[in-house]
Amino acid sequence: MNDEVFDATAETLDISPRALGHIIEERKDRFPEEARTLSEMAIAGKIRNAIDIGLKFQSCDQTYVKPSYSGRDGKIAWLMPLHINREVTEEPELVLVIVKNDQFYEIKTILPYDEFVKDKLTALSLYGRLW
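This structure is a prediction, so every number in the text was calculated from the model and none was measured. (Residues numbered from 1 in each chain as written. Predicted model: local features only at pLDDT ≥ 70, side-chain atom pairs only at ≥ 80, totals over all residues. Heavy atoms only, no water.)

What to know about helix α2 (residues 40-60)
Part 1: Between its first and last C-alpha atoms α2 spans 31 Å; for 21 residues at 1.5 Å apiece the expected length is 30 Å, and the two agree.
Part 2: Buried-residue contacts for α2 involve β1 (13-14), α1 (17-26), β3 (75-82), β4 (94-101) and β5 (104-112). (Helix = DSSP H or I, 4+ residues; strand = E, 2+ residues; numbered from the N terminus. Expected span 1.5 Å × (residues − 1). Contact = heavy atoms within 4.5 Å.)

This is how it looks when you write it as structure tokens:
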């Protein structure tokens, strides 16, 4: 597998209970206000659904999941859009942060899809398009 291309599949993308708990419990403040009232099971279902959709889109369009380089770590993290209450044709509310660990990809956390994230994605792909 090439580190420069996001080539995860359902078999190689791991969302551990620890990572899911981190996202749902510790980062709930990053979710849109209307999503914060959802049950943990409902949020977990939306995350899993977004991952399934993201992997399908990525298999057709290699630019769907965006790279984000960390100068501090010297590694690439991958940003996958996470739609909670929006359609996939709209901008996502959040992005999933995914890192490669040996042969597997791991979900690490979520970030708000805000101006900071948009600027970072634009800087890394000046002639590309955002979601």
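Quick look at the pairing of β3
Part 1: With six of eight residues buried, β3 lies mostly within the body of the structure.
Part 2: Where strand β2 (residues 66-70) folds back onto β3 in an antiparallel hairpin, the turn is made up of four residues, including Gly74, whose phi is positive at roughly 70°.
Part 3: In this structure, β3 lies alongside β4, joined through six bridges in antiparallel fashion. Bridged to Ala77 within β4 is Val99. (Buried < 20%, exposed > 50% of the residue type's maximum accessible area, 1.4 Å probe, protein only. Pairing = 2+ DSSP bridges.)

Observations concerning α1
Helical geometry note: an α-helix holds 3.6 residues per turn, so side chains three or four residues apart project in the same direction.
Part 1: Those residues of α1 that fall on the buried side of the exposure criterion are Ala19, Leu20, Gly21, His22, Ile23 and Ile24.
Part 2: At its buried positions, α1 is contacted by α2, β4 and β5.

Observations concerning the side chain of Gln58
Part 1: Here Gln58 lies in helix α2.
Part 2: Given a relative accessible area of 3%, Gln58 falls into the buried group.
Part 3: Within the local environment of Gln58, its side chain forms a polar contact with the backbone nitrogen of Val65, the two atoms lying 2.7 Å apart.
Part 4: Setting aside residues no more than four positions away along its own chain, Gln58 makes contact with Phe6, Thr63, Tyr64 and Val65. (Polar contact = N/O pair within 3.5 Å; in protein donor to acceptor, adjacent residues only side chain to side chain.)

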